[in-house]
There are 2 protein chains.
Amino acid sequence: MTNEFYIQLALNKAWEYQGLTYPNPAVAAVVTLDGKILAIEAHKKAGTSHAEVLALISAYETLSGSKVDFDPLNAELSHNFLLTLPKNFFSKCSIYVTLEPCSHKGKTPSCATLLSKLQLTNVIIGIKDPIVGHDGGISIVAKGLLPPTITIGVLEEECQALLEPFMIWQNRAFVLFKLAQTSNGRIGGGYLSSKSSLRHVHKLRDACSSMLIGGNTVRVDRPTLDCRFIEADAPKIIIYSKEDNFDRDIPLFKVENREVEVVDNLDFLDKPSLILVEGGEGMLKALQKKIDWMLIYQIPKLSTHQLSYNTTMNLAFLHTAKKDIDLMIWSRQIGH
Amino acid sequence: MTNEFYIQLALNKAWEYQGLTYPNPAVAAVVTLDGKILAIEAHKKAGTSHAEVLALISAYETLSGSKVDFDPLNAELSHNFLLTLPKNFFSKCSIYVTLEPCSHKGKTPSCATLLSKLQLTNVIIGIKDPIVGHDGGISIVAKGLLPPTITIGVLEEECQALLEPFMIWQNRAFVLFKLAQTSNGRIGGGYLSSKSSLRHVHKLRDACSSMLIGGNTVRVDRPTLDCRFIEADAPKIIIYSKEDNFDRDIPLFKVENREVEVVDNLDFLDKPSLILVEGGEGMLKALQKKIDWMLIYQIPKLSTHQLSYNTTMNLAFLHTAKKDIDLMIWSRQIGH
């Protein structure tokens, strides 16, 4: 199969964790031996092992037929373990990564340094790290004792789309507008989504810098907006409202250790962050010029519910996946 | 990787030809060698090579590094060619097929007989052929000189969903309701879909038994409903209307060699066939109890267009794919 085939497998895996890796990028890696796929793994959460490391540990487990006796999400232990393997352990393997391996030690050791020591046959990269100061990973890999053949630029546009939130939140807020709707575009009417979709929303709430909601949502829906389905702390809430006249006795204000801020302007969007917006038509219209991406959970039904989004917006579909019985559709706003 | 992984690759490929293989089922096959993927191929059109044959020819080309000098879609030539290969040519290969290989010679030679002679290591089947008289393919494969290890029932539910139209059109009409809408469920407003979506619609029109439209569509939209984007003949049109008062000078009636029938009842749906419905809200409501599947082409925009489908219907999403800039969403109507 082509390089594109393996990078596409990695892309599909990486999208499962889009947004959840904040402030890190979504990245995934595939390890093969003579064309046989040994591992497909994605980076899951900042501070834990990168995609390359998880894929190499998983490839080790496939090849050796035994499980490692530590948590592969622990980057330090995983790096150290991989470096104790015989020099030729991965020497017939190839690794496909959606993004250039990291060049410097941050919260976890450098993947480029690791790859420069493992003497793989091929390293195939979707896209070079476009952030100045983050690049150079490939040069490090190439300076290994027995450097692999290196290929750069496979499904580059798709890998760039995967990376877009990360690029944006370097400099300002990345604004992700999330909504749930029926297949004929109706919203509201209580819980629309499946348990699996709800858990995913709660993971995004847990990963984001803040959630942004409108004053009307607070007054009318009186939501709690916590992360109870995944047992994580509730995210910080920013309420965008001209007036601060909210009933402090509603559940939103009663969640332990939860910060709630009421703002009458959008200046906070200048700050590097991941902002998850949950709102209705009013919020969509008020925020429209600021929305980077839409995440639509589409429910498998047509309904006669009257609520819908009556606005004009041009999108580009980026990725779609089944989430239990629902569809999850990621799209970018274009031309705004 | 697991059997499920390879069958899923086959499923994704087969869905590209859903409906287009009428009256045959949509089927795809993957051939591997020591876990390395050599070929992923789908059956494309009735009367041409089945998925197994196309995948084996493609695997031959991958292994030998040379192209065959005939059209692989020609089933007779392909079968004969595969039987001239050395007995051990595929002996280390596995084949994954979404459906049990056909047991008897129809328009093309039997795939089960072919597989019984090729001496592969493994034959992995998504689902047994559920049609009485069509089964028995696996028994034939098992009776080969050096029979492969046979595994049956991998992603069975998904393989059954893929097969559903085929099962239905054995006994009555399979009714596929096609529509194009924006991401917020608005319809109308001229050409909504991309060139690639339009070509796909024209392929479905070419493959179906008849297209079904409502009288209002004829009177108001005055469509041509041909297959000009793929240079195929226009499909037979059935107009469902209480009255036959149509202006015979509109383009619909002027297409060469095109049959148009006006009916005031739905009795024709009792006949085994593939009926492609293109209509608006009126047709959707009139036909709702008869609709098996919906095919929604979703356009990457929100719009304020007033037309929408104001009805209640429960669906199950079956498959989604990007079609150029659009999404193509296949779903089954449930609970009707």
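Structure first, text after, so check above.
Predicted model, so just to flag it, every value in this text is computed and none were measured. (Residues numbered from 1 in each chain as written. Chains lettered and ligands numbered in written order. Predicted model: local features only at pLDDT ≥ 70, side-chain atom pairs only at ≥ 80, totals over all residues. Heavy atoms only, no water.)

**Some points on the overall build of chain A**
Reasoning step 1: Scanning chain A for helices and strands turns up nine helices and 14 strands.
Reasoning step 2: Scaling as 2.2 N^0.38, a compact globule of 336 residues should have a C-alpha radius of gyration of about 20 Å, and chain A matches this with 22 Å.
Reasoning step 3: Across its three principal directions, the C-alpha atoms of chain A cover 65 × 40 × 35 Å.
Reasoning step 4: A burial count over chain A gives 57% of its 336 residues as buried.
Reasoning step 5: Long-range pairs, those at least 24 residues apart, make up 74% of the contacts in chain A between residues at least 6 apart in sequence.
Reasoning step 6: Per element, the accessible surface of chain A, about 14,200 Å² overall, is 49% carbon and sulfur. (Helix = DSSP H or I, 4+ residues; strand = E, 2+ residues; numbered from the N terminus. Rg over C-alpha atoms; globule rule 2.2 N^0.38 Å. Buried < 20%, exposed > 50% of the residue type's maximum accessible area, 1.4 Å probe, protein only. Contact = heavy atoms within 4.5 Å. Areas by Shrake-Rupley, 256 points an atom, 1.4 Å probe, with all protein chains shown as cover.)

**A short note on the packing of helix 2 (residues 51–64) of chain A against helix 3 (residues 75–84) of chain A**
Residues and elements named next belong to chain A.
Reasoning step 1: Where helix 2 contacts helix 3, the two axes come as close as 10 Å, and the packing angle between them is 50 degrees. The orientation of helix 2 relative to helix 3 falls into the category oblique. Every pair of crossing elements has a handedness; the one defined by helix 2 and helix 3 is left-handed. Side by side, helix 2 and helix 3 meet where Val53, Leu56, Ile57 and Tyr60 of the first sit next to Ser78, His79, Phe81 and Leu82 of the second.
Reasoning step 2: Residues of the contact of helix 2 with helix 3, tallied by class, amount to six nonpolar, two polar and no charged. (Axes fitted to C-alpha atoms, helices over the stretch in contact; angles between N-to-C directions. Parallel < 35°, antiparallel > 145°, perpendicular 65-115°, else oblique. Left-handed = near helix turned anticlockwise from the far one by under 90°. Nonpolar A, V, L, I, M, F, W, Y, C, P; charged D, E, K, R; others polar.)

**Description of the packing of aromatic side chains**
Working definition: an aromatic ring pair is given by the centre-to-centre distance plus the angle between the planes.
Reasoning step 1: Tallying each qualifying case throughout the model produces 26 aromatic pairs over all chains.
Reasoning step 2: With a centroid separation of 4.8 Å and 80 degrees between ring planes, the pair formed by Tyr22 of chain B and Trp169 of chain B is classed as edge-to-face. Taken together, the positions of Tyr22 of chain B in the loop between helix 1 (3–15) and strand 1 (28–33) and Trp169 of chain B in the loop between helix 6 (156–168) and strand 6 (173–182) put the pair 147 residues apart, joining distant regions of the chain. Residue Tyr22 of chain B shares its accessibility class with Trp169 of chain B, and that shared class is buried.
Reasoning step 3: In textbook terms, an aromatic cluster arises when at least three aromatic residues are bridged by ring pairs, as seen for Trp15, Tyr22, Phe166, Trp169, Phe174, Trp293 and Trp330 of chain A.
Reasoning step 4: Against the face of Phe229 of chain A rests Arg228 of chain A, its NZ or CZ located 5.1 Å from the ring centre. (Phe/Tyr/Trp six-rings, centres within 6.5 Å; stacked < 30°, edge-to-face > 60°. Lys NZ or Arg CZ within 6 Å of the ring centre and 35° of its normal.)

**Comments concerning the sheet that holds strand 10 (residues 273–278) of chain B**
Reasoning step 1: Spatially, 12(A)-13(B)-14(B)-11(B)-6(B)-10(B)-7(B)-8(B)-9(B) is the arrangement adopted by the nine strands of the open sheet, whose pairing is mixed. The open sheet has two edge strands, strand 12 (301–302) of chain A together with strand 9 (260–263) of chain B, and neither has a second partner.
Reasoning step 2: Direction of pairing for strand 8 (residues 237–240) of chain B relative to strand 9 of chain B: parallel, over a ladder of four bridges. Bridge pairing links Ile239 of chain B to Val262 of chain B in strand 9 of chain B. (Pairing = 2+ DSSP bridges.)

Without other data, these values stay purely geometric and don't point to any function.
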